Each structure stands twice: as C-alpha cells, then as structure tokens.
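# Summary of the model geometry
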Amino acid sequence: MNLRRYFIRALHRLQKGPGYTYKELLVWYCDNTNTHGPKRIIKEGPKKKLIWFFLTLLFASLVFWQWGILINTYLSYNVTSSLSIGFKTMKFPAVTVCNANPFKYSEVKHLLKELDRLIEVALERILQPTPGNSSENTSLPLDLGLWHQIPLVLIDEHNKDNPIILDIFETSQTSAGNQTSVGNQTSAGDQISADNQTSADDQTSVGNQTAAPPALANTTSEEKKYKLAVKLCSHQGSNNCTYRNFTSAAQAVTEWYILQSTSILSKVPLQERIRMGYQAEDMILACLYGAEPCNYKNFTQIYHPDHGNCYIFNWGMDEEALNSSNPGAEFGLKLILDISQQDYIPYLSSAAGARLMLHQQKSFPFLKDQGIYAMAGTETSIGVLVDELERMGYPYSDCTMNGSDVPVKNLYSQYNTSYSIQACLRSCFQNHMIEICGCGHYMFPLPEGVKYCNNEDNPGWAYCYSSLRSSIRHRQICIDSCKETCNDTQYKMTISMADWPSEASEDWIFHILSYERDMSTNVTLDRNGIIKLNIYFQEYNYRTISESAATTIVWLLSSLGGQFGFWMGGSVLCLIEFGEIIIDSLWITVINVISWCKGLKQKRAQARYPDKPPTVSELVEAHTNLGFQPEDTGTLPRDEALPPEPGTPPPNYDSLRVQPLDVLGPDSDTETE
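Here is what the cut-offs are and how they apply
- Residues numbered from 1 in each chain as written.
- Predicted model: local features only at pLDDT ≥ 70, side-chain atom pairs only at ≥ 80, totals over all residues.
- Heavy atoms only, no water.
- Helix = DSSP H or I, 4+ residues; strand = E, 2+ residues; numbered from the N terminus.
- Expected span 1.5 Å × (residues − 1).
- Buried < 20%, exposed > 50% of the residue type's maximum accessible area, 1.4 Å probe, protein only.
- Disulfide = S-S within 2.5 Å.
- Phe/Tyr/Trp six-rings, centres within 6.5 Å; stacked < 30°, edge-to-face > 60°.
- Core = buried A, V, L, I, M, F, W, Y, C linked by side-chain atoms within 4.5 Å.
- Contact = heavy atoms within 4.5 Å.

## Focus: helix H11 (residues 421-437)
The first and last C-alpha atoms of H11 sit 24 Å apart over 17 residues, in line with the 24 Å expected at 1.5 Å per residue. The buried fraction of H11 amounts to 13 of the 17 residues, a majority that puts the element mostly inside the structure. Once H11 finishes, Gly 438 follows within two positions and takes phi at roughly 85°, a positive value.

Shown next, in the form of structure tokens:
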C-alpha cells in the first residue's frame, strides 16, 4: 500500500515538474553551484557581471577544447614499447636446412633436356661475334614450340625512337613503335620500356631480312645498345605482349629458365619431385646436439618449391621441443652437410651452398625471405639471441592471435603450421592468381580442385603472373587483408666463418666421411660440397619487447578532472550539479510541450464546435419537452445580444407541508366552523 502511494506521489511530481521557469532554474544554479565564476555573474554589478560572464565563457571553452584533445588522444589508442631482459632456460629453435639446388641434375635431366639445348643454342647465337662461327649442334632439331611459348628476344636500342625487336631463332625484325616509357612493366600501346620491361602491342614487320642477332661480346660500352628480354604474351600468337628486359643477359637467362622449368615441373607429381631431390641420408653426414649424437632420422622432411627437399630439426610436431641446457657452441647443434655441387642444375641454381633458417616450432619456414646461405668449404658458426615480441591486440594494434580473424584462407594450414604474415601474403597472392589466371603458381600451395599453371593448359599464365606480381593494387589488397601476429619470437644471429677442413686435415676427414656415407675407401667428397654448421645460444639472456597502452581510462579521468579543476575550480560534484539542471530543463521542456499540445487540441475542438456548450437547465428542458428549441443567440448581432436572465431562487419546500390544526394560530387563514 505504501509503495502504491509512493508511486502515485512520484507520478504527481512528474506531472507537476520542477515548479519554476528556465530563468529561475538558471539563477538557482548560479547561486548554488560550487563552480567558480557563475556566482559572480549574478551577485556583481553590471560591469563586473559582464566581465565575469566573459571569463566564465572563455574558461569553459578552454575546458571543452582540452577535453576534446584528451578524448581524441585516448581514442587514438597509442602504445608505448618497453624492453625487459630476462634469464631462463629456453627452447632451442627449429632449424631448417635445404640445398640451394632443388633437384639433382642427374634425376631431372630427362625433363629439362630440350630446355637446356634451347638455351645453349640461344646463348651461342647471342655471344658469337660473327655469324657462321657457331658450334651449335644442328643435327638434332630444336623444340621451337617450347621456345615460342616464352621466347627470349633482343632489343636493338640504337634508335631509341624506334627500337627493333630481334627474335633469336627467327630472321625477321620487328619495329616496336615510336613511344618510350619509363617504368617496370607496360602491357599496352606501342611502347618500349627504358628501364626494366618493354611492351609492344601493334608490331609491324620490317621484312624478312636475313640477319644474325648482334654479338654482345667484343663491344664497348658505347656500342652496347642491345638488351636481352623475356617476351610474355597473353596467349600464343597475340600482339598483347610484355617485354621484360634486364641490364644483364645472365639475369634474363635465369628468369627465362625459371619460368620454363616451372611449367615443366608443375606437371610432375609431388612424390616424384621428392624422389628427384636430395635425400636426408645423402645430405646429412653428421649430427650432434650438445653431447647427444643425432642423425637424419631426427629431422622432419618437407618439400619446399624453391629448394626441393628440406629437413627440419626440433620442429616440435611429433615430439616435445628440445631445451638448451647451457649457452655456448658445445651445447648447440653441429651438422656436416654434403650439397653435391657437381650435380647442380646449371641454368637454374647459380648459387652453391646450403640454405638454412631458424624459426619457431610448428611454423613454416620461408627460406626465400628469412633464410641465410652457408658457403661450401667453410665452417659457419651462428650465435643466437632471442627477442620476444608482445603486441597489444585490437584496438591498439591490428594484430591477430592465431589468424582466425583474417579474411584470407591460409593455404599453409595443410602443413599443420601456425599462422604467420608470410603465409597470409602468399596465400592471398595464390588466391588472386587462381581467380585471375585460372590456375595456381607452382611456388605456393594449392587449394582443393585447382591445378598448377603450365604452358600447355594455360598458354598465357606467365604473362598473367608477371602482370599480377607487378600490380601495386593487388599487392596492397593483400597487405591490407593480412595481419601481424600478436606474439612472435625472433632470432638474431651473429655469423662467423672459417675454411673447413684445413689443408692439413682435409685428407683424413674426407676419407672418413666418404667411407661412412658410401662404405668406400675412395674419396667421394671434396671441399666444394662440404659444409659444417654450429648453431648455439650466445647467452641465456633474452629480450622481451612488449607494448602497453600509452593512455588508460585512469589517465583520461585524471586529465579531464585536472583541466576542469585548473580552469574552473570544478570537481565531479560540479558535473553532477550541471547534469541536474540539464535534467530539470529537459523536464520543464517536456511539460511545456505537453501543455502546448493540449492547448492545440482544445483550439481544434473549439474550431469544430464554435457554440458554447448547453447549460444543465437546457439539457433537462430538452429531455422533458420534446418541442423545446434553444434560443439561437449566435445569429443576433453582438451589440443586440439579450441580457442574461436573472437567476430564480429555489422554491421553499417547507411552505408546502401540511400542519395539524392545533398548531395553527389565530392568524391562520383556515376557516373555523
């Protein structure tokens, strides 16, 4: 019952409102607030009142301006980085070792036979100083169909306004047009690139002039006006072509050979490619981790498109990661590798050595980006320092914990590896390649139901791949889509090298290693194929680089309060007071609006019924006398209106009562007998 009475009173209070006007409310606030300034406005004289009004308005504006800056600073979510150094037993990193040459030449020679003959004849034609002195073997026909899929051409730039394109295996010359553009790649118009790539769409034949390609040898720097370029067309026989030229013919040959071999090897099954690579038992001759011996069985084999068979030590997929007991070379990993340099593919691998990389457990090794080379005939010592990176997540930085919030499908998840930004960027590129070119590139994993590109099934794949690789727009899309990992471990390496083995000890070392590998007393190893690696922690000190919020909610509140107190002498209670008058003013506004709406409704009702409502007597008369008609006073002129009728007193009902005879007096009007 009391609760009901309380709600009724509250409802009446809401209907009544604060009980004063806006002006009264403002005066009350200025007189009772604890904020400095408003009190002086209502208590001082006219002149001081104006001065205090201006000062109060000025300082209030400064407060709001400072608040805006502080809130904007807080919402920018800046971070500060802190560096701390710790000491603990650390997990030894995963070590991936590969051969710089992906396949044994003896195993893939039958696949690359025609390709090698083509490039050998092409190089002889390019480098011969005079026609007719070529020693090329013309008894066997060349597979020019393979050549014309991705040909090499010479660009004669003696006349820069009209360069001439010379096909190495054809006698016709082609004019490339009259326009010259500077850039990396152009694919439209009669344009010749002056830096890296040349494009020619509308080619006009000059004639079938029998002319050998000009010799690049025996020419001075002033006379050297020829560039070797790779011709890439959208499809065979098309005029929509791109010419990728290079400053050196060695670069052009390597690039051309990689494109052609990629097309050939993409059609070879994975198990066959693994068989053609370097096997662990042949490559890993000796292994020692700390004081414990190890062998090739302690390595996990994966196939890497750039380097063939790679082997990972301490990957942590099947077993627990190994801990390093102490820093120093004697507690690290020692390896002796045989890279078999004599079996390298001559036109595919121009560098000899081992490619290695240190990375986290269960992460995919991207050796092309983060790997280092170890030179043959040397002992390479690698001292490792550990940096742990801890980034703050959203909204402070755009990082991800495991890649689940990244819109790009991770194609490297088939290896059961953790997310990395390198995996995301390559997966994004491969997805664009599949979407635009209709096939996947050989160097990246494939999603289900998609095939690798090759010249037979996809004649224009190289042109599409080259255009996509040089597209800034697609590259930016991938950069915007991928995210860094919030937690990462980086290994900083200090590398030193020395010749190994020494001349005094090479005989007995090569004898022992040859016998252990081939069970032969003959020496089958030499300095050009042997590498020794020492990988160890330099010290157990590790650095942690962590991010923390530069501005917190505590900082924001204290800064807001400091500015408010400094400029206006206010506090949180002053803000509550200000909020109170805002609520009261809104309350008054609502009540005024409701009253205005009621008045508007009454005016509309009066406009619909202009006559005044009937009186009670008129209603009673109309009910008892069916012929009663009220007087129409509205038709009379205003000055001729009838005066109001005087009121009639009510009847005296006591005079109608019947009284007994004995009560009647002598003055009664009743007759006596």
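## Quick notes on the state of the cysteines
Summed over all chains, the structure comprises 8 disulfides. Sulfur-sulfur distance for the disulfide between Cys 287 and Cys 294 comes to 1.8 Å. For the disulfide bridge between Cys 287 and Cys 294, the dihedral angle about the S-S bond is near -80°, and by the sign convention the bridge is left-handed. Using a relative accessible area of 14% as the deciding quantity, one classes Cys 294 as buried. Linked covalently through their sulfurs, Cys 424 and Cys 482 form a disulfide whose S-S length is 2.0 Å. Where Cys 424 bonds to Cys 482 through sulfur, the torsion about that S-S bond is close to -85°, and the disulfide is left-handed. Taken together, the positions of Cys 424 in helix H11 and Cys 482 in the loop between helix H13 (472-481) and strand E21 (484-485) put the pair 58 residues apart, joining distant regions of the chain. The burial state of Cys 424 is the same as that of Cys 482; both residues are buried.

## Brief notes about helix H15 (residues 553-568)
When the terminal C-alpha atoms of H15 are compared, their 22 Å separation across 16 residues agrees well with the 22 Å that a helix rising 1.5 Å per residue should span. Gly 569, located one to two residues past H15, shows a positive phi value of around 65°.

## A look at the packing of aromatic side chains
Taken as a whole and assessed by the stated rule, the structure comprises 24 aromatic pairs. Between Phe 87 and Tyr 540, the aromatic rings sit 6.0 Å apart at their centres with planes inclined by 55°, giving tilted as the arrangement. Remark: Tyr 540 occurs in strand E23 (residues 530-549) and Phe 87 occurs in strand E1 (residues 79-87); sequence separation between them is 453 residues. A residue is classified by how much of its surface remains accessible, and Phe 87, at 63% relative accessible area, is exposed. Here Tyr 257 and Tyr 347 contribute two aromatic rings whose centre-to-centre distance is 5.7 Å and whose plane-to-plane angle is 40°, an arrangement assigned as tilted. Here Tyr 257 is found in helix H7 (residues 249-265), whereas its partner Tyr 347 is found in the loop between strand E16 (333-338) and strand E17 (354-359), with 90 residues between them in sequence. On the basis of relative accessibility, which here comes to 0%, the residue Tyr 257 falls in the buried class. Of the aromatic side chains, those joined through ring pairs into one cluster are Phe 87, Phe 92, Tyr 289, Phe 299, Phe 313, Phe 537 and Tyr 540.

## Topic: the nonpolar core
Core analysis: the biggest nonpolar cluster contains 66 residues, and Leu 152 and Trp 256 have the highest contact counts within it. Among the elements that line this core, the one with the most residues is helix H5 (residues 105-127), at 9 residues. Contact partners of Leu 152, with chain neighbours within four places excluded, come to Ile 119, Trp 147, Asp 167, Ile 168, Leu 228, Ala 229, Val 230, Ala 252 and Trp 256. In terms of nonpolar packing, the next biggest core, distinct from the first, is built from 36 residues, Val 97, Ala 280, Tyr 289 and Ile 531 among them.

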